[in-house]
Amino acid sequence: MNKKRKVLIGSLLIDGTGADPINNSAIIVENGIITFVGKTEKVKFSSEDDVIDLGEAVILPGLIDCHVHYGGTESPHDKDWVLESDLQQAMISISQAQKSMNYGFTTVRDISGNGIYLRNMINKGIVKGPRIIACGKGLSRTGGHGDAYEVPLEKAMVSHPWAIICDGEEEIRKGVRGLIKEGSDCIKLWATGGGLWEKERETDQHYNLSEISMMVEEAKYAGIPVAAHCECLSGTKDSIIAGVNSIEHGEELDDECLEMMKQKDISLVPTFGLFIDWFSEYDPPYRESQALYPGDTIREK
C-alpha cells in the first residue's frame, strides 16, 4: 500500500533559484521525494493527503558550509584542544553535527579527526547530521596552525583534534597518503599561519611551493581536491601556482591572485563568520602582549 503523500502548506518559500519568494506555498512529498514546489492554489488535494499547515514558517533549500571543524572542543584556547579527552571530543562532535543540521545546514565540508567517522556513521543512519565532505585532519608544519605551542610536540602530533604535523616533502607525501587511506574526501593544508601566537602569525608562509605541490600531486593521484588555508599573499600565490582547488580565508588576495584563480578555476571560501568572531569577539592571545613584532597591533577593546 502506498504511503499517504504529505502536503506542506502556508509557508513563505525561497526556492534558491533567485526567483521571488512564494507566499502561501505548497510542497508535496511522496515516498520521501519532493514532487512539487509552488503555490498552494495549484495543488489538487485528495482526501488521503496528510496536510500540514506550516503557518508563518519559512522554507528554503538546505544550506552548505564549506569550512567547519567538528573537533568537539569546548575551549577557545589551542592548548586545551590538545589536552581535552579525545573521547569527550568525539562525543561532542556528534552534537556539533546535529546542531548544524538543526540550523539548516544539510551539507558541510569538515576538517577534523572525527569527521571521517561522523560521515560514515551519518551515512549508515546511526547518528543524525548533515552530509559531510570529510577532510580528516589537515596538514600543518611543526609550530604551525595545527601545532599547539604550549604543549609537547609529541602530544600535539597525536591529539590535535583537526591537524597532523608534517615537515618536508617526504613526510607530506606519507601524510597525504595516510589521509587517503583513512577515506579523506579532500586534503586540507595550512599554507600560512593563523594568528594563535606571535610566531604563528597570519602574515607568515608555512609551506613552500615544493611542499604544497607535493600535497597537490599526491591528492591528484587519488582524484581528490586540495583546500589551502591562506592568510598571507605569498602563501596564497604559491598555493595557486601549485594548483590547489580552493583558497580558504584569502585575506590578502590581489588582482594577480584573482586572475590566476580564474584561469585555474580555483574557488574562494571566504569564511566571513570567522572574521566576525576573530575581530569582534575574540582576541588571539598574543595580541594582548606588548612584545609584538613590527607591524603587529593591539586592537582596541
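About the cut-offs
Residues numbered from 1 in each chain as written. Predicted model: local features only at pLDDT ≥ 70, side-chain atom pairs only at ≥ 80, totals over all residues. Heavy atoms only, no water. Helix = DSSP H or I, 4+ residues; strand = E, 2+ residues; numbered from the N terminus. Buried < 20%, exposed > 50% of the residue type's maximum accessible area, 1.4 Å probe, protein only. Axes fitted to C-alpha atoms, helices over the stretch in contact; angles between N-to-C directions. Parallel < 35°, antiparallel > 145°, perpendicular 65-115°, else oblique. Left-handed = near helix turned anticlockwise from the far one by under 90°. Contact = heavy atoms within 4.5 Å. Nonpolar A, V, L, I, M, F, W, Y, C, P; charged D, E, K, R; others polar. Phe/Tyr/Trp six-rings, centres within 6.5 Å; stacked < 30°, edge-to-face > 60°. Core = buried A, V, L, I, M, F, W, Y, C linked by side-chain atoms within 4.5 Å. Salt bridge = Lys/Arg side-chain N within 4 Å of Asp/Glu carboxyl O. Pairing = 2+ DSSP bridges. Patch = residues over 30% accessible without salt bridge, like charges linked within 9 Å, V, L, I, M, F, W, Y side chains within 5 Å. Areas by Shrake-Rupley, 256 points an atom, 1.4 Å probe, with all protein chains shown as cover.

(A) Main features of unusual backbone geometry. Its identity is not glycine, yet Asn 31 carries a phi of approximately 50°, on the positive side. Take Asn 31: it is sitting in the loop between β3 (25-30) and β4 (33-39). Judged by its relative accessible area of 58%, Asn 31 falls in the exposed class. Of note, His 249 is a non-glycine position whose phi angle comes to about 85°, a positive value. Locating His 249 in the fold gives a position in strand β14 (residues 246-249).

(B) Representation of the packing of helix α7 (residues 233-242) against helix α8 (residues 255-264). As a packed pair, α7 and α8 sit with axes 10 Å apart at the nearest point and diverge in direction by 20°. Judged on the interaxial angle alone, α8 and α7 are roughly parallel. At the point where α7 passes α8, the crossing takes the left-handed sense. Contacts from Leu 233, Thr 236, Lys 237, Ile 240 and Ile 241 of α7 reach α8 at Glu 256, Cys 257, Met 260, Met 261 and Lys 264. Each residue belonging to the contact of α7 with α8 can be placed in one class, and the counts come to 6 nonpolar, 1 polar and 3 charged.

(C) Structural detail: the packing of helix α6 (residues 209-221) against α7. In the contact formed by α6 and α7, the axes pass within 9 Å of each other and the chain directions differ by 40°. For the element pair α6 / α7, the angle class is oblique. Like other packed secondary-structure pairs, α6 and α7 cross with a definite hand, here right-handed. Of the residues in α7, those in contact with Leu 209, Ile 212, Ser 213 and Val 216 of α6 are Asp 238, Ser 239, Ile 241 and Ala 242. Residue composition of the contact of α6 with α7, grouped by class: 5 nonpolar, 2 polar and 1 charged.

(D) Representation of the packing of aromatic side chains in the model. On inspection of all chains with the given rule, the structure shows 3 aromatic pairs. Considering the side-chain rings of Trp 81 and Trp 162, the 5.3 Å spacing of their centres and the 50° angle between planes classify their relative orientation as tilted. Taken together, the residues Trp 81 in helix α1 (residues 78-83) and Trp 162 in the loop between α4 (153-159) and β11 (163-165) connect sequence positions 81 residues apart. The class for Trp 162 is buried, based on a relative accessible area of 7%. Considering the side-chain rings of Trp 162 and Trp 190, the 5.1 Å spacing of their centres and the 35° angle between planes classify their relative orientation as tilted. In this pair, Trp 162 sits in the loop between α4 and β11 while Trp 190 sits in strand β12 (residues 187-190), placing the two residues 28 residues apart along the sequence.

(E) View of the nonpolar core. The biggest cluster of nonpolar side chains holds 27 residues, and the ones touching the most others in it are Leu 139, Ile 172, Ile 187, Leu 189, Tyr 207 and Val 244. Elements supplying a minimum of two residues to this core: α5 (168-182), β12, α6, β13 (226-230), α7 and α8. A per-element tally of this core places α6 first, with 5 residues.

(F) α7, seen in detail. Where burial is concerned, most of α7 is hidden: 7 out of the 10 residues are buried. Along α7, the positions that sit buried rather than exposed are Gly 235, Thr 236, Lys 237, Asp 238, Ser 239, Ile 240 and Ala 242. Contact partners of the buried residues in α7: α6, β13, β14 and α8. Taken from the residues just after α7, Gly 243 is the one with a positive phi, measuring 95°.

(G) Structural context of the pattern of salt bridges. In the structure shown here, the tally under the stated rule is 9 salt bridges. Here Asp 49 ties to Arg 5 by a salt bridge, and the two come within 2.6 Å at their closest N and O atoms. Here Arg 5 lies in the segment before β1 (6-9) and Asp 49 lies in the loop between β4 and β5 (50-53), a separation of 44 residues in the sequence. Salt-bridge contacts for Lys 237 lead to Asp 254; the nearest nitrogen and oxygen are separated by 3.2 Å. In this pair, Lys 237 is assigned in helix α7 and Asp 254 in the loop between β14 and α8, connecting sequence segments 17 residues apart.

(H) Geometry of the sheet that holds strand β7 (residues 63-68). The strand order across the open sheet formed by 3 strands is β7-β8-β9, and the pairing between neighbours is parallel. This sheet does not close on itself; its edge strands, each paired only once, are β7 and β9 (131-136). Across the sheet, the axes of successive neighbouring strands diverge by a mean angle of 10°, strand direction being ignored. Contacting β8 (105-111) and β9, helix α3 (residues 115-123) runs over the sheet at an angle of about 155° to β9.

(I) Focus on the environment of Gly 195. Here Gly 195 is to be found in the loop between β12 and α6. Between the C-alpha atom of Gly 195 and that of His 145, which follows or precedes it by 50 residues, the distance is 7.7 Å.

(J) Fine view of a nonpolar patch on the surface. On the surface, a nonpolar cluster with roughly 310 Å² of combined accessible area is contributed by Ile 14, Val 58, Leu 60 and Leu 63. Topologically, Val 58 is positioned in strand β6 (residues 58-59). You can call Val 58 partly exposed: its relative accessible area is 48%.

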